[in-house]
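# Fold and geometry: a report
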Amino acid sequence: MKMRTLAPLTVVAAAFAFALAGCTVTGPTENFSGLPDEEQIVNESEGAADSGIQAFWLHEGSQIAVSISGSSGCPVIGSDIKVVEPKNEGNTVEIVTVPIPQDKICTMDFVPHTSVFWTPANVSTTQELTVRVEGQELTLPVK
């Protein structure tokens, strides 16, 4: 009988812990080959497109997408978004990428791969956002 009363509490406690863990998730919400759909884009970065890297505000600024062009067989994938300087102190994020093993054989094409992240709560969409990725700095204009 005690097992029946403890089981619902265990389920509730596990759900609560999962919900709290979800608040700290900084990984991508999705990764895909290509660029974001035009209808999702609110604004895009200035400069650095020539280097094969672009950043985008998506869905009214609730998400940030980073597209990095390279080998389709070895795409550069964003693994994490970190706030380097919060709003009113620089408004800067850094996208961490998954390293490609040096011994991996990659195709010689040049295609974009996009990683999408939720916009961190402590950055502002009403200020320019600096996005650092792969040694480049991109500027996302106000959404």
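Up top is the structure these notes are about.
The structure contained in this document is the topic of the report that follows. (Residues numbered from 1 in each chain as written. Predicted model: local features only at pLDDT ≥ 70, side-chain atom pairs only at ≥ 80, totals over all residues. Heavy atoms only, no water.)

### A few points about the nonpolar core
Of all hydrophobic cores here, the largest spans 17 residues; its most connected members are V66, I95, L129, V131, V133 and L140. Of all the elements in the fold, those that place two or more residues in this core are strand 3 (53-58), strand 4 (63-70), strand 6 (92-97), strand 8 (129-133) and strand 9 (136-140). Those residues within four positions of V133 in sequence are excluded, and the remaining contacts are I53, V66, I68, I95, T97 and L138. One finds I41, F56, L58 and A65 within the second-largest nonpolar core, a separate group that totals 5 residues. (Core = buried A, V, L, I, M, F, W, Y, C linked by side-chain atoms within 4.5 Å. Buried < 20%, exposed > 50% of the residue type's maximum accessible area, 1.4 Å probe, protein only. Helix = DSSP H or I, 4+ residues; strand = E, 2+ residues; numbered from the N terminus. Contact = heavy atoms within 4.5 Å.)

### Looking at the sheet that holds strand 7 (residues 111-118)
Backbone-to-backbone hydrogen bonds join strands into a sheet, with any given pair of strands oriented parallel or antiparallel. Strand order across the open sheet formed by 5 strands is 1-7-4-3-2, with antiparallel pairing between neighbours. The open sheet terminates on both sides in strands that have one partner only, identified here as strand 1 (30-33) and strand 2 (41-44). Between one strand axis and the next, the sheet turns by 25 degrees as a mean value, whatever way the strands run. Direction of pairing for strand 3 relative to strand 4: antiparallel, over a ladder of 6 bridges. By the bridge assignment for strand 4, I53 is matched with I68. (Pairing = 2+ DSSP bridges. Axes fitted to C-alpha atoms, helices over the stretch in contact; angles between N-to-C directions.)

### What about the side chain of T92?
Structurally, T92 can be placed in strand 6. Those residues in contact with T92 that sit more than four places away from it in its chain are K82, V83, V84, E85, L129, T130 and R132.

### Regarding the state of the cysteines
The final tally for this structure, using the stated rule, is 1 disulfide. Two residues, C74 and C106, share a disulfide whose sulfurs are 1.9 Å apart. Classification of the bridge connecting C74 and C106 rests on its S-S torsion, roughly -95 degrees, and on that basis the disulfide is left-handed. One end of the pair, C74, is in the loop between strand 4 and strand 5 (78-85); the other, C106, is in the loop between strand 6 and strand 7, with 32 residues separating them in the sequence. (Disulfide = S-S within 2.5 Å.)

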